[in-house]
Amino acid sequence: MKVKVCTKEKMDEEIANLFIDTVKANPKCVLGFATGSSPLGVYNNLIKAYNNNEVSFKDVTSFNLDEYVGLDENNEQSYRYFMNHNLFDHIDINKENTHVPCGVGDYEAKAQEYDNEIASAGGIDLQILGIGSDGHIAFNEPGTPFDSLTHVADLKESTIQDNSRFFNSIEEVPTKAVTMGLASIMKAKKIVLIATGLNKAKAIKGLILDLIDVKLPCSILRKHPDVTIYVDKDAYSKVLGK
Ligand code: GLP
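Predicted model only: the values in this text are computed from it and were never measured.

Draft legend 1. Geometry of the overall build of the chain. The helix and strand tally for the chain stands at eight helices and ten strands. For 242 residues, the compact-globule estimate of 2.2 N^0.38 gives 18 Å, and the C-alpha radius of gyration of the chain, at 17 Å, lies within 12% of that figure. If one aligns the C-alpha atoms of the chain with their principal axes, the spans along those axes are about 45 × 40 × 35 Å. A total of 242 residues make up the chain; the buried ones form 53% of that total. Expressed as a percentage of contacts within the chain between residues at least 6 apart in sequence, the contacts between residues at least 24 apart total 79%.

Draft legend 2. Inspection of the site of the ligand at higher detail. Looking at the ligand, there are 14 residues lining it, with Ser-37, Ser-38, Asp-66, Arg-165 and Lys-200 nearest. Within the contact set of the ligand, an oxygen atom lies 2.7 Å away from a side-chain nitrogen or oxygen of Arg-165. Contacts to the ligand include Lys-200, whose side-chain N or O atom sits 2.7 Å from an oxygen atom. Summarising the interface, the protein chains cover 96% of the accessible area of the ligand, which totals 390 Å² for the free molecule. Grouping the amino acids of the shell around the ligand by side-chain chemistry returns five nonpolar, six polar and three charged.

Draft legend 3. Representation of the state of the cysteines within the structure. Inspection of every chain in the model, using the stated rule, returns zero disulfides. No disulfide involves Cys-218; its nearest neighbouring cysteine sulfur is the one of Cys-6, lying 18 Å away. The class for Cys-218 is buried, based on a relative accessible area of 0%.

Draft legend 4. Local environment of the sheet that holds strand β7 (residues 151-154). Reading across the sheet, the three strands line up as β4-β8-β7 and stay open at both edges, with antiparallel pairing between neighbours. The strands lining the two open edges of the sheet, one partner per strand, are β4 (66-68) and β7. Taking the axes of each pair of neighbouring strands and ignoring which way they run, one obtains an average angle of 30° across the sheet. Relative to strand β8 (residues 176-179), β7 runs antiparallel, the two being bridged by four bridges. Its bridge partner being in β8, Ala-153 is matched across the sheet by Ala-177.

Draft legend 5. Quick look at the sheet that holds strand β9 (residues 190-195). Taken in spatial order, the seven strands make up an open sheet running β1-β10-β9-β6-β2-β3-β5, and their pairing is parallel. Among the strands making up the open sheet, the edge pair consists of β1 (2-5) and β5 (98-99). Sheet topology note: the β1/strand β10 (residues 227-231) ladder contains four bridges and is parallel. Paired with Lys-4 across the bridge in β10 is Tyr-230. Contacting β1, β2 (30-33), β6 (126-129), β9 and β10, helix α1 (residues 8-25) runs over the sheet at an angle of about 160° to β9. Contacts from helix α7 (residues 201-209) reach β1, β9 and β10 within the one sheet, and its direction differs from that of β10 by about 145°.

Draft legend 6. Inspection of the pairing of β8 at higher detail. Bridge analysis of β4 against β8 gives three bridges, and the strand direction is antiparallel. Within β8, the position partnered with Asp-66 by the bridge is Thr-179.

Draft legend 7. Structural context of the side chain of His-224. When you line up the elements, His-224 lands in the loop between α7 and β10. Accessibility expressed as a relative area gives 4% for His-224, which makes it buried. Residue contacts for His-224: discarding those within four places in its chain leaves Met-186, Ala-188, Lys-189, Lys-190 and Ile-191.

Draft legend 8. Layout of the environment of Lys-233. You can see Lys-233 is positioned in helix α8 (residues 233-236). For Lys-233, a relative accessible area of 69% corresponds to the exposed category. Here the alpha-carbon distance between Lys-233 and Lys-176, two residues 57 residues apart in the chain, equals 32 Å.

Draft legend 9. Spatial organisation of the packing of helix α2 (residues 40-51) against helix α3 (residues 79-86). It is at 10 Å that the axes of α2 and α3 come closest, and there the two elements cross at 40°. Taken together, the axis directions place α2 and α3 in an arrangement best described as oblique. Taken together, the residues of α3 that come into contact with α2 (itself represented by Leu-40, Tyr-43 and Ile-47) are Phe-82, Met-83 and Asn-86. Split into classes, the residues belonging to the contact of α2 with α3 amount to five nonpolar, one polar and no charged.

Conventions adopted
- Residues numbered from 1 in each chain as written.
- Predicted model: local features only at pLDDT ≥ 70, side-chain atom pairs only at ≥ 80, totals over all residues.
- Heavy atoms only, no water.
- Helix = DSSP H or I, 4+ residues; strand = E, 2+ residues; numbered from the N terminus.
- Rg over C-alpha atoms; globule rule 2.2 N^0.38 Å.
- Buried < 20%, exposed > 50% of the residue type's maximum accessible area, 1.4 Å probe, protein only.
- Contact = heavy atoms within 4.5 Å.
- Near = heavy atom within 4 Å.
- Polar contact = N/O pair within 3.5 Å; in protein donor to acceptor, adjacent residues only side chain to side chain.
- Areas by Shrake-Rupley, 256 points an atom, 1.4 Å probe, with all protein chains shown as cover.
- Nonpolar A, V, L, I, M, F, W, Y, C, P; charged D, E, K, R; others polar.
- Disulfide = S-S within 2.5 Å.
- Pairing = 2+ DSSP bridges.
- Axes fitted to C-alpha atoms, helices over the stretch in contact; angles between N-to-C directions.
- Parallel < 35°, antiparallel > 145°, perpendicular 65-115°, else oblique.

In structure tokens:
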């Protein structure tokens, strides 16, 4: 696992370049996208590169990590809406080739198909991840088995609290989500994780220094052969004992 300590601006640029290089090397590649505030700068850079004719996403397939249960694509808080609004509507990706887990209707049955869909597409070439303050990745909360595939998960109180900043009130935050499992994420060929701010410092310290344990879901990443963790000074501060 590589760790890069740099500014948010620098990581947004480097990670966007990784995505662009991946698409240029294989225009039919499979990209793994995440939601939350962390990847937004990367997505803005991808949109800029597309507008400058540096890259085309027309043959790219994508898979997102997770979706809230109970929110459909027209709901502004759904992750499908987030992806359309913050990336897909601004580039030439074919929306039919973009996949976000389904959080309504027969979402449980669809969740069981998600890993097969990823495998049929050839597997994810490059996956971007954020991280929760409790060390969750996607919506794999502490205690999630390392061999988990896409499943329906209960959100922890701390995650509901963290994510309530995007909703009008905490009561509106869904308590369940469909999420790629930890084993699903580990199948990606290359993984980059972004963490900024003091709120992430404890999880980053655990990821870098502690034992690999289901209590800290992100710690499974240490077993992956190609992971780079991008952190700013604040997120890295507890590693230095500050
Ligand atoms: C949610 C998402 C995660 C994301 C996390 C952190 O819980 N399910 O995928 O990593 O939020 O979000 P942010 O980047 O806004 O801190």
